[in-house]
Structures are given as structure tokens and as C-alpha cells.
Amino acid sequence: MRLSARSKYAVLAMLELAFQYDRKYVSVAELAEKQGISRPFLEKLLLQLKRAGLTKSQRGPDGGYSLALSPAEICIGDIFTVVDGPVDFTDCFDPPSPSDVTTFCMSTLLEEIEEGICNVLNANTLQDLCLKARDFKQLPPHVHSFSI
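Owing to the predicted nature of the structure, the values given are computational and were not obtained by experimental measurement. (Residues numbered from 1 in each chain as written. Predicted model: local features only at pLDDT ≥ 70, side-chain atom pairs only at ≥ 80, totals over all residues. Heavy atoms only, no water.)

**Considerations on the pairing of strand β1 (residues 55-58)**
Along a regular strand, successive side chains alternate from one face of the sheet to the other. Rules: The rule for pairing is simple: two strands pair if DSSP sees at least two bridges between them. Numbering of helices and strands runs from the N terminus, with a helix taken as a DSSP run of H or I at least four residues long and a strand as a DSSP run of E at least two residues long.
Summarising the sheet, β1 and strand β2 (residues 64-67) pair through four bridges and their orientation is antiparallel. Looking at β2, one finds that T55 is bridged to L67. Where β1 folds back onto β2 in an antiparallel hairpin, the turn is made up of five residues, including G60, whose phi is positive at roughly 110°.

Dropping the structure here:
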């Protein structure tokens, strides 16, 4: 199992927007350069996130993207769900029959894994990641604007 490039870059872009939450809008070109990803790919991700109500955009010379909600209101699980759909490990299994112990055991294990992943993704917000980044960089609490 691997993290998709879509989820990885969506979270990184949203984290960058969270770092710059004080700033009005951040250009797609700036975000793409900081994250080292192609601008068209990033634009598609940001548009998906906009349709889901997680980002907003503005055209023009001072335009770009911004978070539509505060970093504390956006769970990492929300971002994953928007770009890759919900976590679902049990989709490939038919409901087990009462006599099918093997399928029952496997589907139960996959449900537990799925629940654990969802709990972690939904327990962490962009604000939590910003605080971890601040601790990592050992920045004072009033500093919001920095790059990864």
C-alpha cells in the first residue's frame, strides 16, 4: 500500500496554504515551485479542493488560492477523501457468509486497519501539522509564514 502522489501533493499544497494563511492568496506558480510539482497537476488538485469547499481562488495579479476554512477546521482526512475518495480496504470483499471463517477474519482485519487509518487522518488538522512544523523549525508561536 502506498500513499498516492495526488494525496501527497494535495496535503503539501494545503499545508503551504496553511503556513501562509495570513496572506490573502498564493499563486499556483509559487505553490508548484515550492513543492516541486507541475503546475497543471497542482491546478487540477486545487480545483478539486475548491469544489469541495476547502480552498477558494481569485483571479488577477494578486490572485491565487487560499484556504476556504481555517487550518484548524480542515482535517487531513478531508483532503485525502477529496482527491482519492474515502479509505476503503473492504471493497474487494463480498460480505462473508456465516460459514466462511477465512473471509470473515480477513474482512474484520481490513475493517480495523481502515478504521485506524481514518481515525489518524481525521484526528489531525492542517493546524496540527503547522504546529509540528513550527516545533521542528523551533519558531516562535507568532510566526505563521514559512515554507517547507
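Okay, back to it.
**As for the environment of P71**
Which entries qualify depends on this criterion: In what follows, residue pairs with any heavy atoms lying within 4.5 Å of each other are defined as contacts.
Turning to its location among the elements, P71 is positioned in the loop between β2 and α4 (76-84). Expressed as a C-alpha distance, the spacing of P71 and F19, which sit 52 residues apart in the sequence, is 8.8 Å. Ignoring any residue separated from it by four or fewer positions in sequence, one finds P71 in contact with A18, Y21, T125, L126 and Q127.

**Quick word on the nonpolar core**
When a protein is soluble and globular, its nonpolar side chains tend to lie buried together. Where we set the bar: Residues belong to one nonpolar core when they are buried, are Ala, Val, Leu, Ile, Met, Phe, Trp, Tyr or Cys, and are joined through side-chain atoms within 4.5 Å. The buried label applies to any residue whose accessible area, calculated with a 1.4 Å probe on protein chains only, is under 20% of its type's maximum; exposed applies above 50%, and partly exposed to all values in between.
If you look at the biggest cluster of nonpolar residues, it comprises 30 residues, and the most contacted ones within it are M14, L17, L42, L46, L49, I79 and L126. When residues of this core are traced back to their parent elements, those giving at least two are α1 (5-19), α2 (28-35), α3 (39-51), β2, α4 and α6 (126-137). Top element by residues in this core is α1. It accounts for nine residues.

**What to know about α2**
Rules: The directions considered for the arc run from the helix axis to the C-beta atoms.
For α2, the complete set of buried residues consists of V28, L31, A32 and Q35. Around the axis of α2, the buried residues are gathered within 100° of arc, so they sit on the same side. Where α2 is buried, its residues meet α1, α3 and β2.

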